[in-house]
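Residues per chain are reported as follows:
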Amino acid sequence: MQQTLELNGFLINYDVTGEGKPLILMHGWGCDHTTVASVARVAAETHKVYNIDLPGFGKSPEPKTALPVEGYAEIIEAFIDRLGLEKPVLAGHSYGGRVAILIASRRDVDKVVLIDAAGVKPRRAMKYYAKVWSFKLAKKFWRLVLGAQKAEVRIEAARQRRGSADYAAASPVMRQALSMAVNHDLTNVMPLIKAPTLLIWGDNDTATPLSDAKLMEKLIPDAGLVSFPGCGHYSFLDNPQGFAAVLRSFLRS
């Protein structure tokens with residue numbers, strides 16, 4: 001059953017299924033609650049699942065200014081407080097996992113499920129930084145030579161060629177939010193997570209590589225990692241049966 005709730009000035013759409021202890025499910029960047037519907041169905045066997053459209057995705061309107069990870073975390077915490085959810089399970093895929101990590105590091109939760117989660121800042125080679133600085137210089141040059149309007153057309157075309165699919169598809173506000181998220185490293189708060197934590201990963205994940213999961217397993221005190229061979233960033237879709245079996249076992253333990 002889909003519902004809406006106004007929190008911190010944001011209208012949040014969410015879907016509620018199942019009965020039992022609360023579980024908050026958060027999707028990844030560029031997705032919405034329907035993307036993780038299969039995860040919700042499994043979790044709803046034992047829990048009351050609140051499957052949320054984060055602001056700017058699905059039916060939750062886009063924020064007027066870019067939200068950092070902290071902003072998204074505060075909205076979910078306001079959701080928990082408004083509905084009086086005691087010690088919920090937090091489950092998040094990709095960017096949703098990033099939000100779950102931050103909340104779980106400072107709040108009493110029952111369990112945490114991180115699915116191909118973000119939160120480790122990527123290691124960049126010098127080639128990457130050279131590319132970034134050359135693009136910044138090119139933007140200044142185009143604005144000087146072509147004028148503001150024509151330069152923006154050229155800059156946008158370059159972004160489409162160079163940027164990720166998520167970045168290219170996003171609005172200017174959401175692009176800024178994505179840039180802030182990618183550069184926000186959460187390894188410093190991972191040791192503060194007290195709840196039992198399940199890491200579920202695809203070992204062919206190129207967006208959040210398996211090395212990220214192994215680092216999280218080391219940093220989070222009570223964490224265990226399950227990886228699926230041949231699966232990518234959407235491990236829950238690539239191996240639905242294996243994923244469901246692992247999630248059921250963890251939630252029922």
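Predicted model only: the values in this text are computed from it and were never measured.

Colleague: Describe the overall build of the protein, listing the residues and the values that go with them.
Modeller: Counting its regular elements, the protein contains 10 helices and 8 strands. Put simply, the protein has 253 residues, and 49% of those count as buried. When contacts within the protein are restricted to residue pairs at least 6 apart in sequence, long-range pairs at least 24 apart make up 70% of them.

Colleague: Would you mind going over the side chain of Asp-116 in detail, with residue names and values included?
Modeller: One can find Asp-116 in the loop between strand E6 (112-115) and helix H4 (126-146). Reaching out from Asp-116, the side chain makes a polar contact with the side chain of Ser-235 at a distance of 2.6 Å. Ignoring any residue separated from it by four or fewer positions in sequence, one finds Asp-116 in contact with His-93, Ser-94, Ile-200, Trp-201, Gly-202, Asp-205, Thr-208, Gly-232, His-233, Tyr-234 and Ser-235.

Colleague: Break down helix H10 (residues 240-252) for me, citing the residues and quoting the values.
Modeller: End to end, H10 covers 18 Å across 13 residues, agreeing with the expected 18 Å (1.5 Å per residue, within 8%). Listed as buried for H10 are Gly-242, Phe-243, Ala-244, Val-246, Leu-247, Phe-250 and Leu-251.

Colleague: Just give me the short version of helix H8 (residues 210-219), but keep the residues and values in it.
Modeller: For H8, the full list of buried residues reads Leu-210, Asp-212, Ala-213 and Met-216. Take H8 and look down its axis: the buried residues cluster within an arc of 150°, on one side only. Close packing links the buried residues of H8 with helix H3 (95-104), E6, strand E7 (197-202) and strand E8 (223-228).

Colleague: Could you give an account of the environment of Gly-92, naming the residues involved and the relevant values?
Modeller: As for its position among the elements, Gly-92 is in strand E5 (residues 89-93). Classification of Gly-92 as buried rests on a relative accessible area of 0%. Separated by 56 residues in the primary sequence, Gly-92 and Val-36 place their C-alpha atoms 9.1 Å from one another. Not counting chain neighbours up to four residues away, the residues in contact with Gly-92 comprise Met-26, Gly-97, Val-113, Leu-114 and Ile-115.

Colleague: For the pairing of strand E2 (residues 10-17), give the residues involved together with the corresponding values.
Modeller: Here E2 lies mainly inside the structure; 6 of its 8 residues are buried. What sits between strand E1 (residues 2-7) and E2 in their antiparallel hairpin is a turn of 2 residues, with Asn-8 showing a positive phi close to 55°. Across 5 bridges, E2 lies against strand E4 (residues 47-53) in antiparallel orientation. Residue pairing across strands places Tyr-14 opposite Ile-52, the latter belonging to E4.

Colleague: Can you explain the packing of aromatic side chains? Please cite residues and give values.
Modeller: Given two aromatic rings, one states the distance between the centres and the angle between the planes to describe the pair. For the structure on display, the rule yields 8 aromatic pairs. Ring centres 4.9 Å apart and planes at 85° place the aromatic pair Tyr-14 and Phe-79 in the edge-to-face group. Taken together, the positions of Tyr-14 in strand E2 and Phe-79 in helix H2 (residues 69-83) put the pair 65 residues apart, joining distant regions of the chain. Its relative accessible area of 0% is what places Phe-79 among the buried residues. Note on Trp-29 and Phe-57: the rings are 4.9 Å apart at their centroids and 75° apart in plane angle, and the pair reads as edge-to-face. Here the residue Trp-29 occupies a position in the loop between strand E3 (21-26) and helix H1 (37-43), and Phe-57 occupies one in the loop between E4 and H2, the gap between them amounting to 28 residues. The same class applies to Trp-29 and to Phe-57, which are both buried. Residue placement shows Lys-111 over the ring face of Phe-250; its charged tip is 5.1 Å from the ring centre.

Colleague: Before we move on, can you summarise the pairing of E6 with the specific residues and values?
Modeller: Because side chains alternate across E6, one face comprises the buried residues Val-112 and Leu-114, and the other comprises Val-113 and Ile-115, equally buried. As paired strands, E5 and E6 are joined by 4 bridges and run parallel to one another. Within E6, the position partnered with Leu-90 by the bridge is Val-112. As a crossover connection, the stretch from E5 through H3 into E6 is right-handed.

Colleague: A description of the nonpolar core should follow, citing residues and the corresponding values.
Modeller: Of all hydrophobic cores here, the largest spans 53 residues; its most connected members are Ile-24, Ile-76, Phe-79, Leu-114 and Met-216. Each residue touching Ile-76, except ones within four places of it in the same chain, is listed here: Ile-24, Met-26, Ile-52, Leu-54, Val-99 and Ile-103. Counting residues in hydrophobic clusters, the runner-up holds 24 residues, among them Val-39, Val-49, Leu-198 and Val-246.

Colleague: How would you sum up the sheet that holds E6? Please name residues and give values.
Modeller: Strand order in this open sheet of 8 strands is E1-E2-E4-E3-E5-E6-E7-E8, and the pairing throughout is mixed. Looking at strand neighbours, the two that pair on one side only are E1 and E8, the edges of this open sheet. Pairs of neighbouring strands in the sheet enclose a mean axial angle of 20°, with direction left out of account. Of the strand pairs in this sheet, E1 and E2 are connected by 6 bridges, and their pairing is antiparallel. When the sheet's bridge partners are listed, Leu-7 is paired in E2 with Phe-10. Sheet strands touched by H2: E1, E2, E3 and E4. Its angle to E1, the strand with the most contacts, is close to 105°.

The rules behind each value
- Residues numbered from 1 in each chain as written.
- Predicted model: local features only at pLDDT ≥ 70, side-chain atom pairs only at ≥ 80, totals over all residues.
- Heavy atoms only, no water.
- Helix = DSSP H or I, 4+ residues; strand = E, 2+ residues; numbered from the N terminus.
- Buried < 20%, exposed > 50% of the residue type's maximum accessible area, 1.4 Å probe, protein only.
- Contact = heavy atoms within 4.5 Å.
- Polar contact = N/O pair within 3.5 Å; in protein donor to acceptor, adjacent residues only side chain to side chain.
- Expected span 1.5 Å × (residues − 1).
- Arc of directions from axis to C-beta.
- Pairing = 2+ DSSP bridges.
- Phe/Tyr/Trp six-rings, centres within 6.5 Å; stacked < 30°, edge-to-face > 60°.
- Lys NZ or Arg CZ within 6 Å of the ring centre and 35° of its normal.
- Right-handed = clockwise from strand over helix to strand, strands pointing away.
- Core = buried A, V, L, I, M, F, W, Y, C linked by side-chain atoms within 4.5 Å.
- Axes fitted to C-alpha atoms, helices over the stretch in contact; angles between N-to-C directions.

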